[in-house]
Amino acid sequence: MSDVSAVAQGATPTLTTPEWLARHARVHLATYGPPSRVLVRGQGAWVWDADGTRYLDLLAGIATTLLGHAHPALVAAVSSQLATLGHVSNLVATPGQILLAERLLDVCGVGEGGRVFFCNSGAEANETAFKIARRTGRPRIIAAEGGFHGRTMGALALTHKQSYRTPFEPLPAGVEHVPFGDVAALDDALRRNGPDDVAAVVLEPVQGEGGVNVAPPGYLAAARRLTRDHGCLLVLDEVQSGMGRTGSWLAHQAPHHLGAAMAVDPMMAPDVVTLAKGLGGGVPIGAALTYSAEVSALLQPGQHGTTFGGNPLAAAAALATLDVIAADGLVAHAGDVGRHLRQAILGIGHSGIRGVRGEGLLLAVVLAEPVAATVARVALESGFIVNAVSPDAIRLAPPLVLTRDQADHFVTALPDILRRTTDTLERART
């Protein structure tokens, strides 16, 4: 069997990792740098590389494979759907697309008049939100420092990181950034040019790529009140934090964010929420949800579209993912295991660990020194996939099926990972 046939049939190919990486370098744009491993299969929270080495996947494709790898319900749903309809145009509808939209509106607490636009990724969902904001006719959009919303041009304009932005300027105009979590700064920005020039405020309840920074308690509620006072939209990017990852279906639904306020006043709900990543359990799908008839009417026929958005295969994957999350209690499980993992890491009492931030199973281990890249590399050599989300923090965003025993397996190994990191850096200095 050729390696191409082996991959297609799910068998382990015979090429070694160096051989695969040499071929990779000859055919791929170097947008990500050289990959660290070549993975060939997975099961639950475990993955294996081309050399047969097993790793505990604590990153889940960056918060994406919520059900872990090769979950039987997801495999069955995708296989069954592909045997009937894999793709149709948006000139027609499919039952799965309709059922998924209904399910999402329900899970996300969207009232009458709310609608869904399906797309393929978080960046595309945020492009949709950007265009909805433009349709208000107002010129300014306010986003947060440290925010990441994607790399397409509109989403990149919302993204704060300068190194991502500079090579592609000029970006779409009118976006400005304020310090994340600072209510006074947001208020000042909204007032600066008068009452009617801000179209939208775009925020992440938990900034994933920015370092797993959680919005302070009350910040989102204050942002909602301010945007209502100024007649502009509140857009919440839940691409990384949504679908149960933080211990709520959506991060903003937690009581310390918007949940308590929405329980008293449903009008405290956001205007637009964007989703992707975990929504399809690893199958590409994104969504932009509008929360009122007024906002839903801002995009009219012909003003937006996408070829693959809401296709039958992606809809089947997302429905299966939502079914398993609900049936297996994975929202509560993410909260429970996340708390356990946080407490266990803090319980190590290691001088190299300054703290843990995040919610549920979206966490960052904050390091005492800016050595995260080396920690991630040593962790990989030790059989754990994590990533350096900032110079002094490693991100943990595992599948929601991660068990306490698997979490403890990482915690037990962490002191040795930190020791080996120190040894590696000391050798490099001599």
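So, here's what we can say about the structure. Predicted, not measured: the structure shown is a model, and the values here were computed from it. (Residues numbered from 1 in each chain as written. Predicted model: local features only at pLDDT ≥ 70, side-chain atom pairs only at ≥ 80, totals over all residues. Heavy atoms only, no water.)

### As for the packing of helix H15 (residues 372–381) against helix H16 (residues 404–429)
- Running from N to C, H15 and H16 point in directions that differ by 120°, and their axes come no closer than 9 Å. The orientation of H15 relative to H16 falls into the category oblique. The two elements H15 and H16 meet at a crossing, and its hand is right-handed. Contacts between H15 and H16 involve Thr-374, Val-375, Arg-377, Val-378, Ala-379 and Glu-381 from the first element and Ile-417, Leu-418, Arg-420, Thr-421, Thr-424 and Leu-425 from the second.
- By residue class, the composition of the contact of H15 with H16 is 6 nonpolar, 3 polar and 3 charged. (Axes fitted to C-alpha atoms, helices over the stretch in contact; angles between N-to-C directions. Helix = DSSP H or I, 4+ residues; strand = E, 2+ residues; numbered from the N terminus. Parallel < 35°, antiparallel > 145°, perpendicular 65-115°, else oblique. Left-handed = near helix turned anticlockwise from the far one by under 90°. Contact = heavy atoms within 4.5 Å. Nonpolar A, V, L, I, M, F, W, Y, C, P; charged D, E, K, R; others polar.)

### Considerations on the packing of helix H14 (residues 330–348) against H16
- At a minimum axis separation of 10 Å, H14 and H16 run at an interaxial angle of 20°. Relative to H16, the element H14 is oriented roughly parallel. You can see that H14 and H16 cross each other, and the crossing is right-handed. On H16, the residues that touch Asp-336, Val-337, His-340, Leu-341, Ala-344, Ile-345 and Ile-348 of H14 are Arg-404, Ala-407, Asp-408, Phe-410, Val-411, Leu-414 and Pro-415.
- When the residues that make up the contact of H14 with H16 are grouped by side-chain class, the tally is 10 nonpolar, 1 polar and 3 charged.

### Considerations on the sheet that holds strand E4 (residues 115–119)
- Strand order in the open sheet made by the 7 strands is E4-E12-E11-E10-E7-E5-E6, with mixed pairing throughout. Taken across any chain shown, the strands that pair with only one partner, and hence form the sheet edges, are E4 and strand E6 (175–178). Recorded for the sheet is a direction-independent mean angle of 20° between the axes of neighbouring strands.
- The pairing of strand E7 (residues 198–203) with strand E10 (residues 233–237) spans 4 bridges and is classified as parallel. In the strand pairing of E10, Val-201 is matched with Leu-234.
- Across the sheet, helix H6 (residues 122–134) touches E4, strand E5 (140–144), E6, E7, E10, strand E11 (272–275) and strand E12 (286–290), and the angle it forms with E11 is around 160°. (Pairing = 2+ DSSP bridges.)

### Comments concerning the sheet that holds strand E13 (residues 353–359)
- A sheet is described by the order of its strands in space; here 4 strands give the open sequence E13-E14-E17-E16, paired in antiparallel fashion. In the strand order of this sheet, the two ends are held by E13 and strand E16 (387–390), each with one partner. Each strand of the sheet is rotated relative to its neighbour by a mean of 30°, with strand direction disregarded.
- Here H14 sits on the sheet and contacts E13, strand E14 (362–367) and strand E17 (393–396); the angle it forms with E13, its principal contact strand, is near 175°.
- Sheet contacts for H15: E14, E16 and E17; angle to E16, the most-contacted strand, approximately 165°.

### Remarks on the environment of Thr-136
- In this structure, Thr-136 sits in the loop between H6 and E5.
- Considered as a pair, Thr-136 and Ala-199 are 63 residues apart in the sequence and their alpha carbons are 6.1 Å apart.
- Those residues in contact with Thr-136 that sit more than four places away from it in its chain are Ala-199, Leu-233 and Leu-298.
- Here the side chain of Thr-136 touches Ala-133 through a polar contact of 2.7 Å, landing on its backbone oxygen. (Polar contact = N/O pair within 3.5 Å; in protein donor to acceptor, adjacent residues only side chain to side chain.)

### Details of empty space enclosed by the protein
- Summed over all chains, the structure comprises 1 cavity of 30 Å³ or more.
- Estimated volume of the largest cavity: approximately 40 Å³.
- Forming the boundary of the largest cavity are Val-88, Ser-89, Asn-90, Val-92, Ala-93, Thr-94, Gln-97, Gly-309, Gly-310 and Asn-311.
- Of the residues belonging to the lining of the largest cavity, the class tally is 3 nonpolar, 7 polar and no charged. (1 Å grid on protein atoms, 1.4 Å probe; cavity = no way out; pocket = protein on both sides within 12 Å on 5 of 7 lines; lining within 4 Å. Points joined across faces, edges and corners; volume = space filled by probe spheres on them.)

### A look at the pairing of E10
- Taken across its 5 residues, E10 has 5 buried, putting it largely inside the fold.
- Burial along E10 is two-sided: Leu-233, Val-235 and Asp-237 facing one way and Leu-234 and Leu-236 facing the other are all buried.
- Here 3 bridges tie E10 to E11, and the two strands are oriented parallel to one another. Opposite Leu-236, over in E11, you have Val-273 as the bridge partner.
- A crossover links E10 with its parallel partner E11, the connecting element being helix H11 (residues 255–264), and its sense is right-handed. (Buried < 20%, exposed > 50% of the residue type's maximum accessible area, 1.4 Å probe, protein only. Right-handed = clockwise from strand over helix to strand, strands pointing away.)

### With respect to the environment of Thr-374
- Here Thr-374 lies in helix H15.
- Sequence spacing of Thr-374 and Leu-186 is 188 residues, and the spatial spacing of their C-alpha atoms is 36 Å.
- Ignoring anything within four residues of it in the chain, the contact list for Thr-374 reads Thr-421, Thr-424 and Leu-425.

### Quick notes on the layout of surface pockets
- What the second largest pocket holds in volume is close to 560 Å³.
- It is helix H10 (residues 219–229) that contributes the most residues to the lining of the second largest pocket, 3 residues altogether.
- For the lining of the second largest pocket, the class distribution of residues is 12 nonpolar, 8 polar and 5 charged.

### A word on the pairing of strand E3 (residues 54–57)
- Of the pairings in the sheet, the one linking strand E2 (residues 46–49) to E3 comprises 3 bridges and is antiparallel in character. When the bridges of E3 are listed, Val-47 appears paired with Tyr-55.
- Taking the residues between adjacent antiparallel strands as the criterion, E2 and E3 are bridged by 4 residues, where Gly-52 takes a positive phi near 90°.
- With 2 bridges joining them, E3 and strand E15 (residues 384–385) adopt parallel strand pairing. When the sheet's bridge partners are listed, Leu-56 is paired in E15 with Phe-384.

### Here we look at the pattern of salt bridges
- Overall, the coordinates contain 14 salt bridges when judged by the stated rule.
- For Asp-187, the salt bridge identified is with Arg-191, shortest N-O distance 2.8 Å. Taken together, the residues span about one helical turn, with Asp-187 and Arg-191 both in helix H9 (residues 183–191) at a distance of 4 residues.
- Judged by relative accessible area, Asp-187 falls into the buried class, the value being 18%. (Salt bridge = Lys/Arg side-chain N within 4 Å of Asp/Glu carboxyl O.)

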